[in-house]
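# Descriptive structure summary
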Amino acid sequence: MNELQISPFIDKRIEDYCVKNVSEEPEDLVTLNRKTQLRFVHPHMISGNWQGTFLRMISKMINPKTILEIGTFSGYSTICLAEGLQKGGIIHTIEKEVEYEDFLLENLGHHSDKNIKLHIGKALDILPTIEEEFDLIFIDADKASYPEYYNICIEKLRPSGIIIADNILWYGKVGLDPMPRDKQTLAINDFNELITHDPRVENVIIPIRDGLMMGRKL
Ligand SMILES: C[S@@+](CC[C@H](N)C(=O)[O-])C[C@H]1O[C@@H](n2cnc3c(N)ncnc32)[C@H](O)[C@@H]1O
């Protein structure tokens, strides 16, 4: 399936080449991708096969017992991340939109071999209620809250655990705009600085799509 280019700062030809040279999208995710395009007003929010493959591979490398995801949307990245779970492991995923609940329960329900716990509500309300330590955390919700999510999540991440945040290049606005004014760009700048200057973490930007920040807690 064609993926919308959301990283205009990367040469479209290079991006097309990357998208072409990635493992084939598994059948269940092809179906979920199609359903997402039909059902949602902003289907481009889906991770898609390029980023999804990266998330799945990272999760398989870590083989986590516990995963936290903030921003479920249609569940695509949830399923990718869940692929790496240990037997008996669990992924907690948080989505604020109550209208997505039925779609998510149906489609995540097709993966009943994985322990996927869906929380409907605002992440800042839900996070304090989940008392787990996490091996892997993926942040992919409202950008203005990224610094707050980081400060909460870093405390919930186990030593040597991995934290990944999406959209940290924000359509090229971070870094390129010398005087950003919108709250999303300002917050993502803050998030990128927070993690980069946090002595508890080593971090690197991976410019897949709109940019992933990956950090490893020391
Ligand atoms: C970019 S989409 C997530 C895409 C998904 N992770 C994927 O890769 O397919 C962001 C999602 O975060 C949700 N969201 C926004 N603000 C939120 C909040 N305060 N708490 C929880 N979810 C939120 C949105 O409703 C949306 O579904």
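Residues numbered from 1 in each chain as written. Predicted model: local features only at pLDDT ≥ 70, side-chain atom pairs only at ≥ 80, totals over all residues.

As a further point, take the overall build of the protein. Of regular secondary structure, the protein possesses 9 helices and 7 strands. For 218 residues, the compact-globule formula gives about 17 Å, and the C-alpha radius of gyration of the protein, at 16 Å, lands near that figure. In terms of its C-alpha atoms, the protein occupies a principal-axis envelope of roughly 45 × 40 × 35 Å. Taken across its 218 residues, the protein has 38% of its residues classed as buried. In the protein, of all internal contacts separated by at least 6 residues, the share reaching a separation of at least 24 is 66%. (Helix = DSSP H or I, 4+ residues; strand = E, 2+ residues; numbered from the N terminus. Rg over C-alpha atoms; globule rule 2.2 N^0.38 Å. Buried ≥ 20, exposed ≤ 12 C-beta atoms within 10 Å, placed from the backbone. Contact = placed C-beta atoms within 7 Å.)

All right, on to the site of the ligand then. Taken together, 18 residues lie around the ligand, and Ser-47, Gly-71, Phe-73, Ser-77 and Asp-142 are the ones closest in. Where the shell around the ligand is concerned, the elements lending two or more residues are helix 4 (76–82) and strand 2 (90–95). Taken together, the residues of the shell around the ligand break down into 8 nonpolar, 4 polar and 6 charged. (Near = placed C-beta within 6 Å. Nonpolar A, V, L, I, M, F, W, Y, C, P; charged D, E, K, R; others polar.)

A few words on the sheet that holds strand 7 (residues 212–217). Hydrogen bonds along the backbone pair up the strands of a sheet, which may run parallel or antiparallel. Spatial ordering of the open sheet is given by 3-2-1-4-5-7-6, a layout of 7 strands whose pairing is mixed. If you trace the sheet from one side to the other, it starts and ends with strand 3 (116–120) and strand 6 (201–206), each paired once. The sheet shows a mean angle of 15° between the axes of neighbouring strands, taken without regard to direction. The strands touched by helix 3 (residues 48–62) are strand 4 (134–139) and strand 5 (157–166); relative to strand 4, the strand with the most contacts, the crossing angle is about 170°. (Pairing = 2+ DSSP bridges. Axes fitted to C-alpha atoms, helices over the stretch in contact; angles between N-to-C directions.)

Moving on, we come to the packing of helix 7 (residues 146–156) against helix 9 (residues 183–196). At their nearest, the axes of helix 7 and helix 9 sit 8 Å apart, and the two run at 30° to each other. With respect to their mutual orientation, helix 7 and helix 9 come out roughly parallel. When helix 7 is examined against helix 9, the residues Tyr-146, Pro-147 and Tyr-150 are found in contact with a partner set consisting of Ala-187, Ile-188, Asp-190, Phe-191, Leu-194 and Ile-195. Of the residues in the contact of helix 7 with helix 9, the class split is 8 nonpolar, no polar and 1 charged. (Parallel < 35°, antiparallel > 145°, perpendicular 65-115°, else oblique.)

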